[in-house]
Amino acid sequence: MASADPRPDVASLWQATAVPRPPVIRLAGDATCDVVVIGGGYTGLSTAKYLAERGLAPIVVEANRIGWGASGRTGGVVSGKFRVGFRDIAARHGLETARRMHDLGIEAIEHVGRLVEDYGIDAADHRATGSLRCAYNAFTFEALKEEAAWLREALGDDAVSILSAEAVAGETGARDFVGGMLNRHGGVIHPLNFVFGFANGIRAAGIPVYDETPVTRFRREGDGVLVETPHGVITARQVVIATNSYSEITAATAPVRSSIIPFRSAMIATAPLAGTAAAGLLSTGRSYTETRRMMRWFRKSGDRLLYGGRGAFGKDDSAAAFWALETAMVRQFPELEGVAVTHRWSGLVAMTLDSLPHVGRLDDRVVYSVGYNGTGVALSSGIGRHVAAIVAGESPDLGLLTATSLQRIPFYGLREPAVRLVAGWYQFLDAIGR
Ligand SMILES: Cc1cc2nc3c(=O)[nH]c(=O)nc-3n(C[C@H](O)[C@H](O)[C@H](O)COP(=O)(O)OP(=O)(O)OC[C@H]3O[C@@H](n4cnc5c(N)ncnc54)[C@H](O)[C@@H]3O)c2cc1C
């Protein structure tokens, strides 16, 4: 399963525009600490920060380089939403649960701003621009209007408003949307510079963060755990699994792997648009999504347009999947015809059976936080406060994140054909406008 060698950096726009990475430091020899945090993405770094603030001694171990996983390659959309809408949550679990989930989202967004400020991560280029969800037909526009009204009335969220087709066309440059819902919460960020700044910040506070140090196995020993890596054994009292969609790298994280369906999400970035017919597109700097189930989304970073959507099925990227994205992008924005696509990359998002993240305990020594379902930039970078509380034996109220536990995927071995089937069904529903 695992390759012992660290995997190469991802050739993303973020890598091409990143500040110098934090120095690569590997574990060299045995060590002792209170908690080993497996995974050097936002979840792992955030968990370590808050464990240390509670007076515990954490060590973060990352199999590749800091930020190599989803955290360093995301779209950089800072959002407080979950894949399940707050209205649906209220219908199924009650208004108070929906309110708690909504509060968690807002708290997570605000936390990103505080991290950027506290660690001085100017290179993260964090902007509180909000986001706009664009409706591709009248049916989904009606649903957006109902959702906006419900958010205002039931949750008192007046940061949402409805935009007409003309207003959406005015700020996106795309003329095929019938309207949209503007949400002034959230914004955009340079995700790799954010994770680099975060790692530098916690290292400066004295927390060991080791790159190129995969956990190959951990086992109970006395009243703690022994955590094995190729470079040394760490003796600890507890372990936190923060490997999300990359839980297949070694067998050590098998306890969460069977509850996650990795789904490939792909992105492309254009050459700078100055001087082209496309120079005026997406003038506000917000992020944009659309109402299709097989959603495409777009934003600007600097002077380039980024366009994202479903990637290839299976273990590797495919030229066909990137080509499909480029074709969709030019269909959406004809002004981009002839503008070069300079970067193509992808990563895995962690889908769960109920489409929600889960945070909790596997047993008295192992805690996890996984399953962000493609919307984890804000949530995962703040979740450590709550993960640290669970490690310390507390039971924070995280709404459905803690009220329900991680469910195993039935027939896990068949997950790849199942993903194709679900994607095909979603494409069909999109095509018929439902
Ligand atoms: C292409 C793409 C676009 C996305 N866009 C957005 C977006 O715009 N907005 C948004 O909110 N969310 C987005 N997401 C989701 C978001 O990036 C994730 O939810 C978030 O980064 C999860 O962070 P994490 O720390 O939990 O996981 P990761 O950042 O994936 O970190 C897990 C780390 O664990 C390491 N690891 C695995 N096994 C071991 C082991 N045995 N030992 C040591 N280390 C190990 C991996 O190398 C990896 O670096 C996107 C995801 C992808 C893939």
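Not measured: the values here are computed from a predicted model. (Residues numbered from 1 in each chain as written. Predicted model: local features only at pLDDT ≥ 70, side-chain atom pairs only at ≥ 80, totals over all residues. Heavy atoms only, no water.)

1. Some remarks on the site of the ligand
Thought 1: Near the ligand, the surroundings consist of 38 residues, among which Thr-43, Glu-62, Ser-71, Thr-74 and Val-77 are the closest.
Thought 2: Burial of the ligand by the protein chains amounts to 98% of its free accessible area of 1000 Å².
Thought 3: Of all the secondary structure elements, the ones that give two or more residues to the shell around the ligand are helix 2 (42-53), strand 18 (341-351) and helix 10 (377-382).
Thought 4: Broken down by element, the residue count for the shell around the ligand peaks at three residues, all from strand 18.
Thought 5: Counting only domains with at least three residues in the shell around the ligand, you end up with domain 1 (1-126 + 190-260 + 356-434) and domain 2 (127-189 + 262-351). (Near = heavy atom within 4 Å. Areas by Shrake-Rupley, 256 points an atom, 1.4 Å probe, with all protein chains shown as cover. Helix = DSSP H or I, 4+ residues; strand = E, 2+ residues; numbered from the N terminus. Domains from an automatic or database assignment.)

2. Digging into the sheet that holds strand 11 (residues 224-229)
Thought 1: Pairing within the open sheet is mixed, and its four strands lie in the order 1-12-11-10. Either end of the sheet is taken by a strand with one partner, and the two such strands are strand 1 (31-32) and strand 10 (217-221).
Thought 2: Relative to strand 12 (residues 232-236), strand 1 is paired through two bridges, and the arrangement is parallel. Counted as the bridge partner of Thr-32 is Thr-235 from strand 12. (Pairing = 2+ DSSP bridges.)

3. Brief notes about the sheet that holds strand 3 (residues 58-61)
Thought 1: Across the sheet, which stays open at both edges, the six strands sit in the order 9-3-2-13-20-19 with mixed pairing between neighbours. The strands lining the two open edges of the sheet, one partner per strand, are strand 9 (209-210) and strand 19 (358-361).
Thought 2: Inspection of the sheet shows strand 2 (residues 35-38) paired to strand 13 (residues 238-241) by four bridges, in the parallel sense. Directly across from Val-35, in strand 13, lies its bridge partner Gln-238.
Thought 3: Docked against the sheet, helix 11 (residues 384-391) engages strand 2, strand 13, strand 19 and strand 20 (366-370), running at close to 20° with respect to strand 19. (Contact = heavy atoms within 4.5 Å. Axes fitted to C-alpha atoms, helices over the stretch in contact; angles between N-to-C directions.)

4. A look at unusual backbone geometry
Note on backbone geometry: most residues besides glycine have negative phi, and most peptide bonds are trans.
Thought 1: Phi at Asn-244 takes a positive value of approximately 40°, unusual for a residue other than glycine.
Thought 2: Tracing the backbone shows Asn-244 in the loop between strand 13 and helix 8 (254-257).
Thought 3: Overall, the relative accessible area of 14% leaves Asn-244 in the buried class.
Thought 4: Phi angles above zero are rare outside glycine, and Asn-373 is one such case at about 55°.
Thought 5: The topology assignment puts Asn-373 in the loop between strand 20 and helix 10. (Buried < 20%, exposed > 50% of the residue type's maximum accessible area, 1.4 Å probe, protein only.)

5. Some details on the packing of aromatic side chains
Thought 1: Applying the stated rule across the entire model yields 10 aromatic pairs.
Thought 2: For the pair Tyr-42 and Phe-194, a centre-to-centre distance of 5.2 Å together with 45° between the ring planes defines the contact as tilted. With a gap of 152 residues between them, Tyr-42 in helix 2 and Phe-194 in helix 7 (residues 191-204) connect regions that are remote in the sequence. You'll find Tyr-42 and Phe-194 in the same group, each marked buried.
Thought 3: Pairing Phe-298 with Phe-333 gives two aromatic rings, centres 5.2 Å apart and planes at 85°, and the pair type is edge-to-face. Highlighted residues: Phe-298 in strand 16 (residues 297-301) and Phe-333 in the loop between helix 9 (319-332) and strand 18, separated in sequence by 35 residues. (Phe/Tyr/Trp six-rings, centres within 6.5 Å; stacked < 30°, edge-to-face > 60°.)

6. Points about the side chain of Gln-238
Thought 1: By secondary structure assignment, the location of Gln-238 is in strand 13.
Thought 2: Residue Gln-238 is classed as buried on the basis of its relative accessible area, which comes to 13%.
Thought 3: In this structure Gln-238 touches Asp-34, Val-35, Val-36, Val-225, Arg-361, Asp-364, Arg-365, Val-367 and Val-391, once residues within four positions along its chain are discounted.

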